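Survey of secondary and tertiary structure
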Amino acid sequence: MQFQNYPFFYLMFISAILSGLISVITWNRRNVRGSGTFSFCMFLIAWWSFFYALEITALDPSLHILFLKIEYLAIPWIPGFVILFTLKFGGFNRLVTWKTSFIIFLIPIITFLSYFTNEFHHWYYQAVDALTINGLTILSTTPGFMYHILTAYILFSIIFCLIVFFYILKNSPRVFFVQSLIFMGILLLLLGGYLYYQFMPRLYPDFDITPIVLAFAGIIVLFEIFQYQFFDLVHFPHRKIFEHLHDGIIVLDTVNRILEINDAAITMLHLQNSSPIGEKFDTITTLLSESNSDVDSYSCSYSNSNSGINLTGCTPVHTTIHHLHEHNSYYYAIDMYPVFDSIQRLECRLIVMRDVSEILKSKNALSEAGKKMGFLTSITRHDILNQIMVVLFYIDDISHHSDTHPQTILSIEQVREAALMIKKLINFTSVYQDLGVVEPGWYKVSDMVERAWETRGVPPTVSCRIDANLVIYADMLLEKVFYNLIDNSLRHGKNISSITVTAKISDHSAVIIYEDDGGGVISEEKKKIFERGFGKNTGYGLFLVREILGITSITITETGIPGTGVRFEMTVPHGGFMIPAVS
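An account of the accompanying structure is given in this report. This structure is a prediction, so every number in the text was calculated from the model and none was measured.

Things to note about the packing of helix α2 (residues 35-57) against helix α3 (residues 61-71)
Pairs of packed helices are described in terms of their axes, by the angle between the two and the distance that separates them. Contact pair α2 / α3: the axes reach a minimum separation of 8 Å and the direction vectors enclose 170 degrees. Classified by the angle between their axes, α2 and α3 sit roughly antiparallel to one another. Contact residues: α2 offers W47, W48, F51, Y52, L54, E55 and I56, while α3 offers H64, F67, L68, I70 and E71.

Overview of the packing of aromatic side chains
Overall, the coordinates contain 34 aromatic pairs when judged by the stated rule. Seen in terms of ring centroids, F50 and F51 are 5.2 Å apart; in terms of plane orientation they differ by 85 degrees. Their pairing is edge-to-face. By relative accessible area, F51 is classed as buried at 15%. Between the aromatic rings of W77 and F112, the centroid separation amounts to 5.3 Å while the plane-to-plane angle is 40 degrees, which identifies the pairing as tilted. Here W77, found in the loop between α3 and α4 (78-89), pairs with F112, found in helix α6 (residues 106-116); they are 35 residues apart in sequence, far enough to count as distant. Overall, F112 belongs to the partly exposed group, its relative accessible area being 22%. Its end group placed over the ring of Y483, K480 keeps NZ or CZ at 5.3 Å from the ring centre.

Quick notes on α3
Every buried residue of α3 is listed here: L63, H64, F67, L68, I70 and E71. Each buried residue of α3 lies within a common arc of 160 degrees when the element is viewed along its axis, so the set occupies one face. In the core, the buried residues of α3 are packed alongside α2, α6, β1 (125-133) and β2 (136-143).

Quick notes on the pairing of strand β9 (residues 328-340)
Pairing of strand β8 (residues 317-325) with β9, which is carried by nine bridges, proceeds in the antiparallel orientation. Looking at β9, one finds that T319 is bridged to I334. As consecutive antiparallel partners, β8 and β9 are separated by two residues, and within that stretch E326 has a phi angle of approximately 50 degrees, a positive value. Counted between consecutive antiparallel strands, the loop separating β9 from strand β10 (residues 346-355) contains five residues, among which Q344 sits at a positive phi close to 65 degrees.

Overview of the pattern of salt bridges
Applying the stated criterion across every chain, the model contains ten salt bridges. With a shortest N-O distance of 2.8 Å, R491 and D487 are connected by a salt bridge. Taken as a pair, R491 and D487 lie in helix α17 (residues 478-492) at a separation of four residues, close to a single helical turn. Measuring nitrogen to oxygen at the nearest pair gives 2.9 Å for the salt bridge that ties R567 to E569. Each of D247, D335 and R354 takes part in one network of salt bridges that share partners.

Here's the deal with the sheet that holds strand β18 (residues 577-578)
Spatially, three strands are ordered β11-β13-β18 in an open sheet, and the strand pairing comes out antiparallel. Lying at the two open borders of the sheet, with one neighbouring strand each, are β11 (441-444) and β18. As paired elements, strand β13 (residues 471-474) and β18 share two bridges and run antiparallel to each other. Bridge assignment links I472 to a residue of β18, and that residue is F577. Each of β11 and β13 is contacted by helix α16 (residues 445-456), which is oriented at about 70 degrees to β11, the strand it contacts most.

What to know about the packing of α16 against α17
Where α16 contacts α17, the axes come no closer than 8 Å and their chain directions differ by 50 degrees. The pairing of α16 with α17 is recorded here as oblique in orientation. When the axes of α16 and α17 are compared, the crossing they make is right-handed. Every residue of α17 that contacts α16 at V445, M448, V449, R451, A452, W453, T455 and R456 is listed here: L478, E479, F482, Y483, I486, D487 and L490.

As for a nonpolar patch on the surface
On the surface, a nonpolar cluster with roughly 530 Å² of combined accessible area is contributed by F102, I103, L106, I109, I110 and L113. Elements that contribute at least two residues to the nonpolar patch include exactly α5 (98-104) and α6. With four residues, α6 is the single largest residue contributor to the nonpolar patch. Following the sequence through the fold, L113 ends up in helix α6.

Considerations on the environment of S157
Mapped onto the elements, S157 comes out in helix α8 (residues 145-170). For S157, a relative accessible area of 2% translates into the label buried. Aside from chain neighbours lying at most four places away, what touches S157 is P79 and I83.

Section: the nonpolar core
The biggest cluster of nonpolar side chains holds 69 residues, and the ones touching the most others in it are F38, Y72, F85, Y124, F165 and F183. Contributing elements (two or more residues each) for this core: α1 (9-27), α2, α4, β2, α8, α9 (174-199) and α10 (210-227). The biggest single contributor to this core is α8, with 13 residues. When neighbours within four sequence positions are excluded, F38 is seen to be in contact with I22, T26, F85, F183, V221 and F231. If you look at the next biggest cluster of nonpolar residues, it comprises 38 residues, including V458, L470, L485 and F568.

Reading the values: the criteria
- Residues numbered from 1 in each chain as written.
- Predicted model: local features only at pLDDT ≥ 70, side-chain atom pairs only at ≥ 80, totals over all residues.
- Heavy atoms only, no water.
- Axes fitted to C-alpha atoms, helices over the stretch in contact; angles between N-to-C directions.
- Helix = DSSP H or I, 4+ residues; strand = E, 2+ residues; numbered from the N terminus.
- Parallel < 35°, antiparallel > 145°, perpendicular 65-115°, else oblique.
- Contact = heavy atoms within 4.5 Å.
- Phe/Tyr/Trp six-rings, centres within 6.5 Å; stacked < 30°, edge-to-face > 60°.
- Buried < 20%, exposed > 50% of the residue type's maximum accessible area, 1.4 Å probe, protein only.
- Lys NZ or Arg CZ within 6 Å of the ring centre and 35° of its normal.
- Arc of directions from axis to C-beta.
- Pairing = 2+ DSSP bridges.
- Salt bridge = Lys/Arg side-chain N within 4 Å of Asp/Glu carboxyl O.
- Left-handed = near helix turned anticlockwise from the far one by under 90°.
- Patch = residues over 30% accessible without salt bridge, like charges linked within 9 Å, V, L, I, M, F, W, Y side chains within 5 Å.
- Areas by Shrake-Rupley, 256 points an atom, 1.4 Å probe, with all protein chains shown as cover.
- Core = buried A, V, L, I, M, F, W, Y, C linked by side-chain atoms within 4.5 Å.

Below, the structure is given as structure tokens:
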């Protein structure tokens, strides 16, 4: 085989090498959306560039024709795979079906068959001649109509990809913006090169500048892969997320027409047989228009009339509805959020539907089980107390009829004290039998402290100052927390004269501070005082304080200085507190 020194032939080989390298690199990232298709496309380009380089450097005209035929094993398929890659990379996988794939590759198939049967009909090339110009052997071709169809298809594929990448560019965060912008630059470079080849004067007859353009494009693609994580970070379209959400999403415009609705919402509303997009929301008969919000309803300010819940107003709605369908019971949490622009004009309404059937069923089952356990406990407690009363009666009877031996008297008193302690503990548990059974709620701290103060019956010699304008999310036994803290101060404080409850608020948490001016807690006992059984009374007071607060993730620690009084700090997490409005 003899070779000729064709100008720029080395650029063809460089294009083949770069395209092959990109094909290997992207194939190793084939799990990323679109990467596998792009890898195969670059392999076809590498194939075309390599054999085109051999074609233009071969001296024998028969070899020119042979290499040209080998090139056409790849050339017709490249624009189809470019379109396929663009659709996959853009997240339009739902458009990539067998039917659309057939349409995309219809012209490549016809072109491929036309080229390799050209000698029978001359649809692709009307004539192919070998010419010698400036000592170089060149193939001169006269294109047929199928050649022009493939040319138009290639131009269409590049323009189509530009449009798709412009859409990605417009709807992407910054890192994907740069990726898309660079790739649009590559497509514009290819478009310019191909238009130059088709419509501008050529350096030599039938010399295709496209592989040279591809060599420069390959360098840019490699730069984009390593610098901007092309095929590592891939933009996931919001539409794709919207379609795959388990929650039902409905978007209404300002006149309550349905702009968007995902599959989950269609299923929940039983609208599988019709497309509601464009219809007025309040004209469609669904569970949202037929049901009333009768479970855990709350809204900032909305009307809940007999005709259904109002989801087309200008204030947020948060409610739960009960729905019966085909003998099945469903509960849906419904949220409506009006969306305003920068000058507070209504842009749209977002309705979110969440199936909370299992959660509410489990919650109701737990609540029912808690009530039954509480009832059983109360019966058991009553029976135990009756038996303790019998024990105390016989202890008194024995003490009256026994001898006066000191040891006997001491033993009887110890038994009486033990029985009284059992009675005290049993009575103590009755106060806390509902711990964690009822759902937590919002309670004003100052009100809880005042009620605990009154219940405990604090001597007039002890003053109280409350500076805690705070509402917290806590268990219903929050009052018992402050009752126990006050009781603890009165029982164990030395010469106590004042108790103070204050609050500090930050962006991430709130701290409720309880202080007295008693003796305080020694350092060795600061952690032990919250343990079960530690203490001189029942041993459960501060332990239950910690447990009651812990139900809603509130923590408590003792940070006081021994000898100056106790200081309990209760930290309320973000989202668990708010400042009440001034009435």
